[in-house]
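Listed below are the residues making up each chain.
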Amino acid sequence: MALFEGLADRLQNAFKKLKGKGKLDESDVSEAMREVRMALLEADVNFKVVKDFVNKVKEKSIGKEVLESLTPGQQVIKIVNDELTELMGGAQAKINLAPKPPTVVMLVGLQGAGKTTTVGKLANLLRKQGRRPLLVAGDIYRPAAIKQLEVLGRQLDIPVFAMGDKQSPVDIAKGALESAQSKGLDLVIIDTAGRLHINEELMDELKNIKAAVNPHEILLVVDAMTGQDAVTVADSFNKELEIDGVILTKLDGDTRGGAALSVKAVTGKPIKFAGMGEKLDALEPFHPDRMASRILGMGDVLSLIEKAQANIDQEQAEKLQKKLRTADFNLEDFLDQMQQMKKLGPLEQILGMIPGLGGKKLKELKDQIDEKEMAHIEAIIKSMTTEERRNPEIIKGSRRKRIAQGSGTKVQDVNKLLKQFEQTREMFKQFAGMEKKMKKGGGLKLPFFK
Amino acid sequence: MGFFSKLKEGLTKTSQNFVEKIETLVTGRKHIDEELYEELEEILIQADVGVNTSMELVEAVRKKVRERKVEDPAELKDILQEEISAILDEGKSPLNLIEGLTVIVVVGVNGVGKTTTIGKLANWLKEEGRKVLLAAGDTFRAAAIDQLEIWSNRAGVEVIKHNEGADPAAVAYDAVQAAKARKVDCLIVDTAGRLHTKTNLMEELKKVKRVIERELPGAPHEVLLVLDATTGQNAVSQAKLFGEAAGVTGIALTKLDGTAKGGVVISIKRELNVPVKFIGVGEGMDDLREFDSRDFAQALFG
Ligand SMILES: Nc1nc2c(ncn2[C@@H]2O[C@H](COP(=O)(O)OP(=O)(O)O)[C@@H](O)[C@H]2O)c(=O)[nH]1
Ligand SMILES: [Mg+2]
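Residues numbered from 1 in each chain as written. Chains lettered and ligands numbered in written order. Predicted model: local features only at pLDDT ≥ 70, side-chain atom pairs only at ≥ 80, totals over all residues. Heavy atoms only, no water.

J.: Sorry if this is basic, but what is going on with the interface of chain B and chain A here?
T.: Interfaces are often sized by the accessible area lost when the parts come together. Across the contact, 51 residues belong to chain B and 48 residues belong to chain A. The contact between chain B and chain A buries some 4300 Å² in all, and 61% of this surface belongs to carbon and sulfur atoms. Taken together, the links from chain B to chain A amount to 4 salt bridges. Across the salt bridge formed by B:K198 and A:D252, the nearest N and O atoms sit 2.3 Å from each other. Taken together, chain B and chain A are joined by 18 residue pairs in polar contact (both at pLDDT 80 or more). Elements that contribute at least two residues to the side of chain B that touches chain A include exactly helix 1 (2-14), helix 3 (34-46), helix 4 (51-68), helix 7 (144-155) and helix 10 (234-246) of chain B. A total of 8 residues in the side of chain B that touches chain A trace back to one element, the largest contributor, which is helix 1 of chain B. Taken together, the residues that form the side of chain B that touches chain A break down as 17 nonpolar, 20 polar and 14 charged. (Contact = heavy atoms within 4.5 Å. Buried area = accessible area lost by both parts, 1.4 Å probe. Salt bridge = Lys/Arg side-chain N within 4 Å of Asp/Glu carboxyl O. Polar contact = N/O pair within 3.5 Å; in protein donor to acceptor, adjacent residues only side chain to side chain. Helix = DSSP H or I, 4+ residues; strand = E, 2+ residues; numbered from the N terminus. Nonpolar A, V, L, I, M, F, W, Y, C, P; charged D, E, K, R; others polar.)

In structure tokens:
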């Protein structure tokens, strides 16, 4: 699936021509949207859903200001991701509870989606939340489906209601409701046979069960690996039964899971839970935001963007802070930071970690970042050997000349950088005292500021 | 929710079946234009052919149209079908049935229809006059053994089983011994559904295969990967990883009685050269067909 790995790169490429950071213009956005479209289609998002989505995002992107901490490519990715997350909806791992117990939940879906196992998992999950469930063996068609549910019930030590395969599922459901009432169980979960959405007879059967026991919650179970047909299936089940939500199964595999978006888009109903494995505790609340980045196939890029926006990774921050305190901070760290900065601009966070450098001051400093100088500095540091970067003290006359040549700069530039770096490090050393200095308005001069 | 309602409206339009769609596509037009190619690509993508393969197929059609100086839009359909069956091989890929004992291992992810397909296949082979034995190699899923037993009764064949939780390789070992002793023609080994990304479970599968190889040199003669036609592009990953672990020799494409088209098998054939051998068109014993690339291509496009 090299396509996905390449999406971030290709988006960056699509924006190469865009100089500086201005507004996103139509042709750039169109080019980027072509890549987004491909990625979504390869992720199995339904064709029609992709088309509408891309059009919508395109409209939103054109003319949009590029955030300072982002490249134009990242800006588009961010818009795409935000829209996708919004479309996926908020987290809703809740089951509608009946005002008067028992709560009746019915699971429906195609053959092989994972309904029976999910009945067990859901019961297990809700039992942990204090419910007393009864499992109902309503699949009278598939060989050994009743037995399967009975085995699950035994494994979980949860009662199972079954009437064999000679009674109608409607009667079974009714019987189960009565049984739950008499036993004081407050949650009834009905397993139903897998069926095709185009099988009228079997769809009628579900409607009849619905009419007979009035489920508080009808959940459509959908295999996360489903392709383009997910919209047809979800739309049919929803139209016939008015589902309340969706459970996505088999998400523990390597599918991009575009069906999630298709199903959400076509039914408007929330995806509530995700099946993450075969074990009976492998049912988790569904995370719409994670799903969005999974579908896009750019989890890494997205998390970078997030970091740029929120705060730098905690562990990394701590490491850096420690380095700053001990003045163990060398040109290698310096370069690291710069490269990161180029990607996502966490300078703000780095500066933000320095005591006394908050709010307005920070903004001022940020506005002063000189991009060109940064490029110079990077070139200079890159022309140094590892040894030199780790021990800047050893960079004397001849080395400075070599470095200047290698980086296409002047010896003066190298001198300047080293001096600035030394000052910076010195300042970091006196970390504690810095706060006062800053308050007095003493300039903190990092080399990549104007 | 303007987006949802707009989308719904669009979907009602697209939920016409493919026959209708392709008909409107080609009959409503006087000449072949860019829009027509785009619509062709859309139809392929919506049949789960995948965006890359769809684009390449349309490109191939475009080339043929140029070469043959085709002007009638109605001919596009035929050209496209030609291209698709060329990828999928002309005609049928028969099961590799040898003189003596043929061993068939059936693999796939959870719920695709392995056990059901085995039931149908057992019936089909038996009706061809072969002596069939089944091995209940899914010792993991609750009641999977019972399910296979019910199918064996329906088909009137015997089954070798251990208890739930037993080592599937041990079941395979016993089954091969029994097949040899009972002079069976075809042994079909069921396996537990597993996601192709779970390395430990794929190792388990390799072990089953190794045991069969060791007990009967040259076996298994077929490793059938069961694919659910509803599955999207992930089927390529399934075919690849099951292929690496178990040496898949053919595909059984199930649930074609729904509205899904299973177009992803075109990409699988192209990329991994694994042919489709059977299709499943229902839950009954007789709902198994030999795969025919022409029919398949036609079903995609009416
Ligand atoms: N409609 C339809 N359902 C099928 C087909 N093949 C299998 N199934 C159903 O899919 C579900 C899962 O099948 P099963 O054989 O248990 O899958 P396994 O987990 O791979 O062994 C069952 O309900 C089967 O009846 C088919 O070709 N068409
Ligand atoms: Mg099975």
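J.: How do you make sense of empty space enclosed by the protein when you look at a structure like this?
T.: The method is simple in principle: a probe with the dimensions of a water molecule rolls over the atoms, and the space it marks as empty is what remains. Throughout the structure, instances matching the rule amount to 7 cavities of 30 Å³ or more. The computed volume of the largest cavity comes to approximately 160 Å³. Along the walls of the largest cavity sit 19 residues, with A:L110, A:A113, A:D223, A:T226 and B:T230 positioned nearest its centre. For the lining of the largest cavity, the secondary-structure elements that each account for two or more residues are strand 5 (217-223) and helix 9 (230-241) of chain A. The biggest single contributor to the lining of the largest cavity is strand 5 of chain A, with 4 residues. When grouped by side-chain class, the residues that make up the lining of the largest cavity number 10 nonpolar, 6 polar and 3 charged. (1 Å grid on protein atoms, 1.4 Å probe; cavity = no way out; pocket = protein on both sides within 12 Å on 5 of 7 lines; lining within 4 Å. Points joined across faces, edges and corners; volume = space filled by probe spheres on them.)

J.: What's the story with the pairing of strand 2 (residues 132-135) of chain B in this structure? I'm lost.
T.: Walk down a regular strand and you will see the side chains alternate between the two sheet faces. Residues and elements named next belong to chain B. The alternating pattern of strand 2 places V132 and L134 and L133 and A135 on opposite faces, both of which are buried. The sheet contact formed by strand 2 and strand 4 (residues 186-189) spans 4 bridges and is parallel. When the bridges of strand 4 are listed, A135 appears paired with V189. Taken together, strand 2, helix 7 and strand 3 (residues 158-160) form a β-α-β motif whose crossover is right-handed. (Buried < 20%, exposed > 50% of the residue type's maximum accessible area, 1.4 Å probe, protein only. Pairing = 2+ DSSP bridges. Right-handed = clockwise from strand over helix to strand, strands pointing away.)

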